[in-house]
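Close look at the chain arrangement
Here is how the chains run, residue by residue.
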Amino acid sequence: MSWAPSPQAAASGGVIRDAEGGRPGLPPGGRGAFGRQAPRVRSVSAVLSVAGAAVIWIALLGPVITLLTHLSWGETLSALTGPGNLDPLIVSLAAGGVTLAVLILVCTPLSWMLARGRLPLPRLWEAGLLCSLLLPPLVIGLLLVFMVGPYTPIGHVLGWLHQDATNTFLALVIAEVYESAPYYVLGAQAAFASVDTQLEQQAGLLGDPPRRVFRRVTLPLAAPGLAMALAVAWARAIGAFGAVVIIAYHPFGIPLQIFVTLQETGLASALPFALVLLVVALPLPMAAYVWSARADRRRRG
């Protein structure tokens, strides 16, 4: 018996191939059949994926679409131009601005220390933040009454300072801070954690003190993420209702104005104020998202 390769095998380098030059083991025409089917399968899958994503996207935007289709623009204009009808908007803007200032001054250092591991037992701190994040807003309002109400130790101190933490502007700010602070702290922590610590170390080696490193390196790199966290906190604060309705029923902000109008005159009359809340709450998060996306593209080159 001869073990020499056949002329066909020798001509093909010792590997037997099909008549059309295909890969070993594939039937004649197999590669062509698979080549014709794969793009078709991929195109059908892509179309189905886009269609499913579009359905989900439209469903998520369903409340906004419903609001815009049910509004009567003439009635909206007359409802918003009535005497004192925009006072809740002014109250909400003022309280939201004070809330953001408190978050920046008080919660930013906490976020930075959590991101850099400067606190002992970091998991315990994060668990506390998650606990406050997961508390239902109505429960937050109820517990705030027992924490800062007029008959509590904190309430007595506030009374000595001629302040009150129930049904006042101060109470509204407190309620908004407690509803929005966990969102800002966790978002700001993620923003600081995304900054490469090697850049900070290099700046320190060049002689910059820690404060200058934070101001010139850490803060600019974390700024888009911080803006996004602050924008989410703004939307959460400006739309706060659960805690506000218990501890700060007066003065009215936009959410309470919607609730009161709904009770007094019905669903349709509350829609203009819902539009005002949407217009006030959305621009800052959208601008922060655009800034963050552009900064991310620049960082990737």
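One structure accompanies this document, and this report is about it. (Residues numbered from 1 in each chain as written. Predicted model: local features only at pLDDT ≥ 70, side-chain atom pairs only at ≥ 80, totals over all residues. Heavy atoms only, no water.)

1. Here's the deal with the pattern of salt bridges
Opposite charge on two side chains lets them pair, provided their charged atoms get close. Summed over all chains, the structure comprises three salt bridges. Two residues, R123 and E126, come together in a salt bridge whose shortest N-O distance is 3.0 Å. Here R123 and its partner E126 are both found in helix α6 (residues 122-134), three residues apart, which amounts to about one turn of the helix. Given a relative accessible area of 65%, R123 falls into the exposed group. (Salt bridge = Lys/Arg side-chain N within 4 Å of Asp/Glu carboxyl O. Helix = DSSP H or I, 4+ residues; strand = E, 2+ residues; numbered from the N terminus. Buried < 20%, exposed > 50% of the residue type's maximum accessible area, 1.4 Å probe, protein only.)

2. Thoughts on helix α13 (residues 254-265)
Here α13 is twelve residues long and its end C-alpha atoms lie 16 Å apart, about the 16 Å a rise of 1.5 Å per residue gives. For α13, the full list of buried residues reads I254, P255, L256, Q257, I258, V260 and T261. On its buried side, α13 packs onto α5 (87-115), α11 (210-238), α12 (244-247) and α14 (267-281). Phi turns positive one or two residues past the end of α13, at G266, with a value near 105°. (Expected span 1.5 Å × (residues − 1). Contact = heavy atoms within 4.5 Å.)

3. Some remarks on the packing of α13 against α14
Between α13 and α14, whose axes approach to 7 Å, the crossing angle comes to 170°. As summarised for this structure, α13 and α14 are arranged roughly antiparallel, according to the angle between their axes. On the side of α13, the interface is formed by I254, Q257, I258, T261, L262 and T265, while α14 contributes L267, S269, A270, F273, A274, V276 and L277. Here the contact of α13 with α14 is composed, by residue class, of nine nonpolar, four polar and no charged. (Axes fitted to C-alpha atoms, helices over the stretch in contact; angles between N-to-C directions. Parallel < 35°, antiparallel > 145°, perpendicular 65-115°, else oblique. Nonpolar A, V, L, I, M, F, W, Y, C, P; charged D, E, K, R; others polar.)

4. Some words on the layout of surface pockets
Of the pockets and cavities examined, the largest pocket occupies roughly 290 Å³. In this structure, the largest pocket is lined by 17 residues; those nearest its centre are S132, V177, Y178, A181 and P182. Elements supplying a minimum of two residues to the lining of the largest pocket: α5, α6, α7 (137-148) and α9 (169-193). Grouping the constituent residues of the lining of the largest pocket by class yields 16 nonpolar, one polar and no charged. (1 Å grid on protein atoms, 1.4 Å probe; cavity = no way out; pocket = protein on both sides within 12 Å on 5 of 7 lines; lining within 4 Å. Points joined across faces, edges and corners; volume = space filled by probe spheres on them.)

5. Some details on the packing of aromatic side chains
Applying the stated criterion to the full structure yields four aromatic pairs. Centre to centre, the rings of F192 and F214 are 6.0 Å apart; their planes meet at 35°, and the pair counts as tilted. Of this pair, F192 sits in helix α9 while F214 is found in helix α11, placing the two residues 22 residues apart along the sequence. Taken together through their ring pairs, the aromatic side chains of W112, F192 and F214 make up a single cluster. (Phe/Tyr/Trp six-rings, centres within 6.5 Å; stacked < 30°, edge-to-face > 60°.)

6. Some points on empty space enclosed by the protein
Taken as a whole and assessed by the stated rule, the structure comprises one cavity of 30 Å³ or more. As a volume, the largest cavity reaches approximately 50 Å³. Every residue along the wall of the largest cavity is listed here: S92, L172, E176, I238, A240, V244, G253, P255 and L256. Class assignment of the residues belonging to the lining of the largest cavity gives a composition of six nonpolar, two polar and one charged.

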